[in-house]
Amino acid sequence: MAYFRLRTDAQSWFSEIADSPPFRTKFDIYYLCLIAGLASGRATELTGTAHPATDLVEKFVEDYRPASRLIIGLLVTAELRKSGIDVSEKAQVRALFKRLVDSESPNSLTDQGMRRLNAYASGGYEYLAEQRDMKPYTAEEFIQGYSALIENAVEKLPPA
Amino acid sequence: MRIDIAGWSTSGLRCPDVTIDLIGPGSTVPKVTLLQMPNGTGKTTTLEMLIATLSGVATSWDEKTVRSYRRKGDERELGTFVVSLLVDGRQLSIELVLDFEMGVARYRTTNPGSGGVVQSWQPLPAVRRFLAKEFLGLFIFNGEFAARLLDERQTAADDAIDALCQLYLLNEIGDFVEQEWSRRTKQAGAKSDNALTRLRTELNSMTARRTTIAKARVKAEAQVREIGAEITDLAAKIEERLGTGRSTREQFNEAKIEMTRTVGALSIAAGNAMQALRQPLSIHPSFATSLIALKDNLDNLRLPENTSAQFFNELLEEDECICGREMTPGAKHEIGIRSLRYLDASESGVINAIKQDIGDFTAASETESPEERLSQAMAGLGAARRDQKLARQTVNALKQKLIDEGDEELFAWQQQLDKQTKLHDDCTRLLQEIDTDDEKDGSAEPCSLKLIDKKIKEFGGKISEITETVTLRKQTDVIKAIMARTTELARSKIKAELIDLCNARLEKVLANDPLTIGRIDRSIRLEGQGTGSTAQVLAAGYVFLMSALRRGNNDFPLVVDSPANPMDMGRRRRIGSLIPELCSQFVAFTINTELSGFVPALADSTDEIRYLTMFRRTTGTARLLPGLPTTGVSQNDYSVVVEGKDYFMSFDVTDEEDD
């Protein structure tokens, strides 16, 4: 069964702030990395031993259940962009959905879909770590600067 | 192994020149020796010298430390302290010479049975492990040490168990099998080549690195614990000082209340901002744009179609196609393949749900949009951070003002707090680096223990393959794992036994105000209470230490300065009666005020008790000389030692009487 997975170096990087409010679960950290990955179009697969990671959860946690389908939608748009598929190419769009979406899965993603989502979270962590001079030491400072980092990521994204 | 202290002699040091013979007229050391020394006679120096002489540490002392042991006004260039031990009945003598002119220390060791006189600290290897400074601290100490066993900042109780119950022997087995494997790999000399030599060098270097890092970890962990406690104490002291006073202090207190408020407000603002961030559409408008484009195009493409993959699968069961043509095997095959391209009903359901959510979340609303919510939350967070920063600056400015107003002690505390906080952070960071499991391989001097262990295993595995000792390597690893697990289990079992034993004894010793040991976690943790009274703590410490001494198979002397001072009469009696039962030799430096209760109880418990009374020869003590007994007195220009119970019990000097 596919799990949401977070790189151990990302967990170390966030270690000063991850375990206290306003963060409620490790999924918060995963999500912030994921959004950064989806915004920057950066995906780094968690295969082999290059980037050790740990399983977090199998399902979207309560805080993110309302937005879960939007997150999957953003994954689809990111993958369309990455694969250079025009959204009007019906057969390819349909095939992409078949690769990523699985109604039977507890998280509505196929194993490949989860693998790609984890890859964006991994790439997003790399993006955040590169953009900041040092690891975050206070949650407030990190959160306040987060929107600007996402803004920069979207701006640098090449046109589809 | 049994170690007894036969005596010591000292000259030219801060403590008076004296020879203390613990054997006396008998052939064996008595079970108990009480050495009465008034305050100021050099009890502390004697304890320090005993440890320094036996452990061999003085060669690392700097000039200042060496010269600190010189007696004021004494012109002699050398100070010496000689300790005589009986190791399983055989003599061993170690002499420490402090050269005050050169500022250096040197040793001389005499092993009459083996090796004779050596001009350095050279006890036999079997004895050496018991003469480590940390180990000596377990049986040569002042009364405060027993209390340290119950101090949560210390690891003394755990250390005592490991040392006294010889758990290091299990480690030695692990080391032995490792050495044996290493020896066997070297026997494959004919096969050795450059690669093997290189691997061996790398393995040795990585093993040495592991030892260094493991030691650094122990040190850093202890520092984090101790400094953390010091920081708490300093912060509390500063807080208390700042909280009492007028004017600036009143402003300071108000500023602190404001800071607490802003910290709370900041926490709420950060929570609001994070909650807004949990809605991805709030983070960037491009997300909504791309999702709307996706939904619109799915609508345009009529995805998901009404026709689903199931329809084609059902069609395969028919004789005719929907167009009326016969369903040939070729047609069936092609329809089967192409049906996979279509979405089935459940997949269509997910896509419809995604479309539905995109539609719902991106629809124009009369209430504020997710983007507006995040924007407001971020503005609130920015304001809260500014307020908090301002409040902190105000507190710091007022704190500085208080210091500038002349509170030097407060200034010193604050400086110490800043220094210790930095050190604490450094140690914490070092611990994180040592414990991390994601250090990148590549550095010649890795810091992560996990990475070092991995590399040691890799090098060992490669050497095993080259030298054809793979099976032996596996066996070595199995034995080492068994030893590590055995150490863990033994420690836990011994702890449980010691707790039971100590609690049974404590029930007797502290009959009127019972206290129970709950667990041993680095230090002794009491059941249901943070700590006991000084006397309770001391009694619990003794009982633990003596139980641990007894639990090991070695016998060591217990040398204690002021063993009963803070105890009341009842506890003195109960501890006094236990001591002869629990250790093979007990040497106590006492003063007259702690004799009552303690000495009679000791005397009732053993016949082997020797009483010595010692004082400096000064004009202040000249009045004592005419009253000396006719026998049992040894004296020189600096001190007088009297043997005998009567003189001991009647001696009435608490503090040294100077000129």
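Residues numbered from 1 in each chain as written. Chains lettered and ligands numbered in written order. Predicted model: local features only at pLDDT ≥ 70, side-chain atom pairs only at ≥ 80, totals over all residues.

1. Things to note about the overall build of chain B
Tallying secondary structure elements over chain B gives 21 helices and 15 strands in all. Counting only residues that meet the buried cut, chain B has 32% of its 659 residues in that class. Considering only contacts within chain B whose residues lie at least 6 apart along the sequence, 75% involve residues at least 24 apart. (Helix = DSSP H or I, 4+ residues; strand = E, 2+ residues; numbered from the N terminus. Buried ≥ 20, exposed ≤ 12 C-beta atoms within 10 Å, placed from the backbone. Contact = placed C-beta atoms within 7 Å.)

2. Brief notes about the overall build of chain A
A count of helices and strands for chain A gives six helices and two strands. Along chain A, helices and strands appear, N-terminal first, in the series β-α-α-β-α-α-α-α.

3. Quick look at the interface of chain B and chain A
Taken together, the contacts link 41 residues of chain B with 42 residues of chain A. Within the residue set of the side of chain B that touches chain A, elements represented by two or more residues are helix H9 (248-277), helix H10 (285-300), helix H13 (345-362) and helix H14 (370-404) of chain B. The greatest single-element share of the side of chain B that touches chain A, amounting to ten residues, is contributed by H13(B). Class assignment of the residues belonging to the side of chain B that touches chain A gives a composition of 23 nonpolar, eleven polar and seven charged. (Nonpolar A, V, L, I, M, F, W, Y, C, P; charged D, E, K, R; others polar.)

4. Remarks on the confidence of the model for chain A
Within chain A, residue pLDDT values average 87, and 98% of them lie at 70 or more. Averaged pLDDT values for the elements of chain A fall to 82 in helix H4 (residues 90-100) of chain A and rise to 93 in helix H2 (residues 26-40) of chain A. (pLDDT = per-residue confidence, 0-100.)

5. Focus on the sheet that holds strand S3 (residues 32-36) of chain B
Residue and element names in this part refer to chain B. Taken in spatial order, the seven strands make up an open sheet running S8-S11-S12-S3-S13-S15-S14, and their pairing is mixed. Every interior strand has two partners, whereas the edge strands, strand S8 (140-142) and strand S14 (633-635), have only one. Going from strand to strand, the sheet's axes swing by 15° on average, the running direction of each strand aside. (Pairing = 2+ DSSP bridges. Axes fitted to C-alpha atoms, helices over the stretch in contact; angles between N-to-C directions.)

6. Considerations on the sheet that holds strand S7 (residues 116-118) of chain B
Residues and elements named next belong to chain B. Strand order in the open sheet formed by six strands is S2-S1-S4-S5-S6-S7, and the pairing between neighbours is antiparallel. With partners counted over all chains shown, the strands left at the sheet margins are strand S2 (18-21) and S7, one partner each. Looking at each pair of strands side by side, their axes are set apart by 15° on average, direction ignored.

7. Focus: unusual backbone geometry
Between A:Pro21 and A:Pro22 the backbone carries a cis peptide bond, its omega angle lying at 10°. Phi is positive for A:Ser108, close to 65°, though the residue is something other than glycine. By C-beta crowding, A:Ser108 is classed as buried, having 22 other C-beta atoms within 10 Å. Backbone geometry places B:Asp88, a non-glycine residue, at a positive phi of 50°. Assignment of secondary structure puts B:Asp88 in the loop between strand S4 (78-87) and strand S5 (90-99).

8. Considering the environment of A:Ser68
All names here are of chain A. Along the chain, the position of serine 68 falls in helix H3 (residues 68-83). Classification of serine 68 by C-beta neighbours within 10 Å gives partly exposed; the count is 18. Sequence-wise, serine 68 and serine 108 are 40 residues apart; in three dimensions their C-alpha atoms are separated by 9.0 Å.

9. Comments concerning the environment of A:Arg116
Mapped onto the elements, A:Arg116 comes out in helix H5 (residues 111-131). For A:Arg116 and A:Ala43, which are 73 residues apart along the polypeptide, the C-alpha to C-alpha distance reads 7.4 Å.

10. A word on the nonpolar core
Formed by 90 residues in total, the largest nonpolar core has its most connected members in B:Leu35, B:Ala540, B:Val543 and B:Phe544. The element that contributes the greatest number of residues to this core is helix H18 (residues 534-551) of chain B, accounting for eleven residues. By size, the runner-up hydrophobic cluster in this structure holds 74 residues, among which are A:Phe4, A:Tyr64, A:Leu74 and A:Val87. (Core = buried A, V, L, I, M, F, W, Y, C linked by C-beta atoms within 7 Å.)

11. Structural notes on the pairing of strand S9 (residues 517-521) of chain B
Residues and elements named next belong to chain B. With four bridges connecting them, S9 and strand S10 (residues 523-526) associate as antiparallel partners. Across the sheet, the residue bridging to isoleucine 520 is isoleucine 524, located in S10. Taking the residues that link successive antiparallel strands as the turn, the S9-S10 hairpin has one residue, and the phi of arginine 522 there is positive, at about 70°.

12. Some words on helix H6 (residues 139-156) of chain A
Here H6(A) spans 25 Å end to end across 18 residues, near enough to the 26 Å set by a 1.5 Å rise per residue. Remark: the principal bend of H6(A), roughly 35°, maps to A:Tyr146. Considered for burial, the residues of H6(A) that qualify are A:Ala139, A:Glu140, A:Phe142, A:Ile143, A:Tyr146, A:Ile150 and A:Ala153. Contact partners of the buried residues in H6(A): H2 and H5 of chain A together with H9 and H14 of chain B. (Expected span 1.5 Å × (residues − 1). Bend = angle between axes of the 7 residues up to and from the residue.)

13. Observations regarding the confidence of the model for chain B
Atom-level detail of predicted coordinates should not be read off regions where pLDDT is low. In the predicted model, chain B carries a mean pLDDT of 81, and 85% of its residues have values of at least 70. Among the prediction metrics, the complex's ipTM stands at 0.90, with pTM recorded as 0.50.

14. Regarding the packing of H6(A) against H9(B)
Interhelical geometry of H6(A) versus H9(B) gives an angle of 40° and a closest axis separation of 10 Å. Of the possible angle classes, the one that applies to H6(A) and H9(B) is oblique. Handedness of the H6(A)/H9(B) crossing: left-handed. Facing A:Ala139, A:Glu140 and A:Ile143 of H6(A), the residues of H9(B) in contact are B:Leu266, B:Ala270, B:Ala273, B:Met274 and B:Leu277. (Parallel < 35°, antiparallel > 145°, perpendicular 65-115°, else oblique. Left-handed = near helix turned anticlockwise from the far one by under 90°.)

15. Comments concerning the pairing of strand S15 (residues 639-643) of chain B
All names here are of chain B. In this sheet, S15 lies alongside strand S13 (residues 609-616) in antiparallel orientation, the contact comprising five bridges. Its bridge partner being in S15, methionine 614 is matched across the sheet by valine 641. Taken together, the three bridges between S14 and S15 define a ladder with antiparallel strand orientation. Looking at S15, one finds that glutamine 635 is bridged to valine 640.

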